[in-house]
Amino acid sequence: METVTESNILPTGKPKWLKVKLPIGQKYTELRGLVDKYKLNTICTSGSCPNMGECWGEGTATFMILGNVCTRSCGFCGVKTGRPETVDWDEPEKVARSIKIMNIKHAVITSVDRDDLKDMGSIIWIETIKAIRRMNPETTLETLIPDFQGAERNIDRIVEANPEVVSHNMETVRRLTREVRIQAKYDRSLEVLRYLKQQGIRRTKSGIMLGLGEKEEEVIQTMQDLRDANVDIVTIGQYLQPSKKHLPVKEYITPEQFEKYEKIGKEMGFRHVESGALVRSSYHAQKHIL
């Protein structure tokens, strides 16, 4: 069993299995050039995702809509909190154009929470999906949505658009939800995922982060709760502190433990389980439509 010992610690204080390889490859180089040239906004670059090279090589990229200021103040998230700017109604076309320029085969769309809006941002969501499909008819879609405060009328807009995959992240176990996701509710997130499946969404997906002080049995219970809500896909990764203002890392989870969760998830019946230190919500996203 791998443990965090002096011999496998990097100068940063992190274990060696968290060492990120620099993205390489012709496809990555081409896309990086397009992103820089046209000033395209992807979460891949702004979030310094460790899997950017691999995902771009597979023709997958993630885009965030509804601005870069969130109305919620989650203890794990690096996105700014505050009063968001007014909605940019040209954004759907801008995102669709970015996907076309980059020749993206599978796009993941996510957003900040917009509790300041009556529709929670759901109208921009559906307009973005429509624009992408109009301009990129061959591109498949995953939408990583907020909880929309559980309002079915807003979730129904996503259901109507019927993306290939709809995700909503639990982020952590029940006991830590109040600390980690201050304005969110564990059961409300589960109900959103259950409702999506009940309304006919073909693939539903959720993700959790580890290293915040959760116990193994709590992780397994969260996975079981997701299966009970008929969620098809789960991603499990290591939490990394965005800044000193955010929640500290309580523990670095070993590769062996991530493998154990993957095995348990497959035994539970998940269609796909992505479990590893560097796994993020959109990791291997293009494979989750299968």
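Provided above is the structure to which this section pertains.
Residues numbered from 1 in each chain as written. Predicted model: local features only at pLDDT ≥ 70, side-chain atom pairs only at ≥ 80, totals over all residues. Heavy atoms only, no water.

Caption draft 1: Layout of the overall build of the chain. Along the chain, the regular secondary structure elements total 10 helices and nine strands. Radius of gyration (C-alpha) of the chain: 18 Å, near the 19 Å computed for a compact globule of 290 residues. Taking all 290 residues of the chain together, 53% fall into the buried category. Counted over contacts in the chain with a minimum sequence separation of 6, partners at least 24 positions apart contribute 73%. Counting only carbon and sulfur atoms, one obtains 49% of the accessible surface of the chain, whose full area is about 14,100 Å². Distance between charge centroids for the chain: 3 Å, based on 44 positive and 40 negative side chains. (Helix = DSSP H or I, 4+ residues; strand = E, 2+ residues; numbered from the N terminus. Rg over C-alpha atoms; globule rule 2.2 N^0.38 Å. Buried < 20%, exposed > 50% of the residue type's maximum accessible area, 1.4 Å probe, protein only. Contact = heavy atoms within 4.5 Å. Areas by Shrake-Rupley, 256 points an atom, 1.4 Å probe, with all protein chains shown as cover. Lys, Arg positive; Asp, Glu negative; His and termini not counted. Charge placed at Lys NZ, Arg CZ, Asp CG, Glu CD.)

Caption draft 2: Summary view of the pairing of strand S7 (residues 204-210). Here S7 lies mainly inside the structure; seven of its seven residues are buried. Side chains of S7 alternate between two faces, with Thr 204, Ser 206, Ile 208 and Leu 210 and Lys 205, Gly 207 and Met 209 buried alike. Strand direction decides the pairing type here: strand S6 (residues 165-167) and S7, joined by two bridges, are parallel. Bridge pairing in S7 places Val 166 opposite Thr 204. In this view, the connection linking S7 to its parallel neighbour strand S8 (residues 233-238) by way of helix H9 (residues 216-228) has right-handed handedness. (Pairing = 2+ DSSP bridges. Right-handed = clockwise from strand over helix to strand, strands pointing away.)

Caption draft 3: Representation of the nonpolar core. One finds Trp 56, Met 102 and Ile 109 to be the most contacted residues of the largest nonpolar core, which totals 42 residues. At the level of elements, helix H1 (26-38), helix H3 (52-57), strand S1 (60-65), helix H4 (91-102), strand S4 (106-111), helix H5 (122-135), helix H6 (152-161) and helix H8 (186-198) are the ones that each hand at least two residues to this core. Sort the elements by how many residues they give to this core and H5 lands first, with six residues. Those residues in contact with Trp 56 that lie beyond four places of it in its chain are Lys 27, Tyr 28, Leu 31, Arg 32, Val 35, Thr 42, Cys 44, Thr 45, Ala 61 and Met 102. If you look at the next biggest cluster of nonpolar residues, it comprises 31 residues, including Leu 190, Ile 253, Ile 264 and Phe 270. (Core = buried A, V, L, I, M, F, W, Y, C linked by side-chain atoms within 4.5 Å.)

Caption draft 4: Fine view of the sheet that holds S7. Across the sheet, seven strands lie side by side as S1-S4-S5-S6-S7-S8-S9; this open sheet has parallel pairing. For this open sheet the edge positions go to S1 and strand S9 (272-275), each flanked by a neighbour on one side alone. Averaged over all pairs of adjacent strands, the angle between strand axes in this sheet comes to 20 degrees, irrespective of strand direction. With three bridges connecting them, strand S5 (residues 140-144) and S6 associate as parallel partners. Residue pairing for S6: Thr 143 is matched across the bridge by Val 166. Against the sheet, H4 makes contact with S1 and S4, and its axis sits at roughly 165 degrees relative to S1, the strand it touches most. H9 contacts S7 and S8 of the sheet and is inclined by roughly 170 degrees relative to S7. (Axes fitted to C-alpha atoms, helices over the stretch in contact; angles between N-to-C directions.)

Caption draft 5: Focus on the environment of Glu 142. You can see Glu 142 is positioned in strand S5. Taking the C-alpha atoms as reference points, Glu 142 and Ala 285, separated by 143 residues in sequence, lie 7.7 Å from one another. Not counting chain neighbours up to four residues away, the residues in contact with Glu 142 comprise His 106, Ala 107, Val 108, Ile 109, Val 165, Ser 167, Lys 205, Ser 281 and Ala 285. Here the side chain of Glu 142 touches Lys 205 through a polar contact of 2.9 Å, side chain to side chain. (Polar contact = N/O pair within 3.5 Å; in protein donor to acceptor, adjacent residues only side chain to side chain.)

Caption draft 6: Examining H6 more closely. Within the span of H6, buried status applies to Asn 154, Ile 155, Ile 158, Val 159 and Ala 161. Projected down its long axis, H6 carries its buried residues within an arc of 165 degrees, all on one side. Turned more than 90 degrees away from the buried face of H6 sit Arg 153 and Glu 160, all of them exposed. In this fold, the buried residues of H6 make contact with H5, S5, S6 and H8. Immediately beyond the C-terminal end of H6, within one or two residues, lies Asn 162, with a positive phi of roughly 50 degrees. (Arc of directions from axis to C-beta.)

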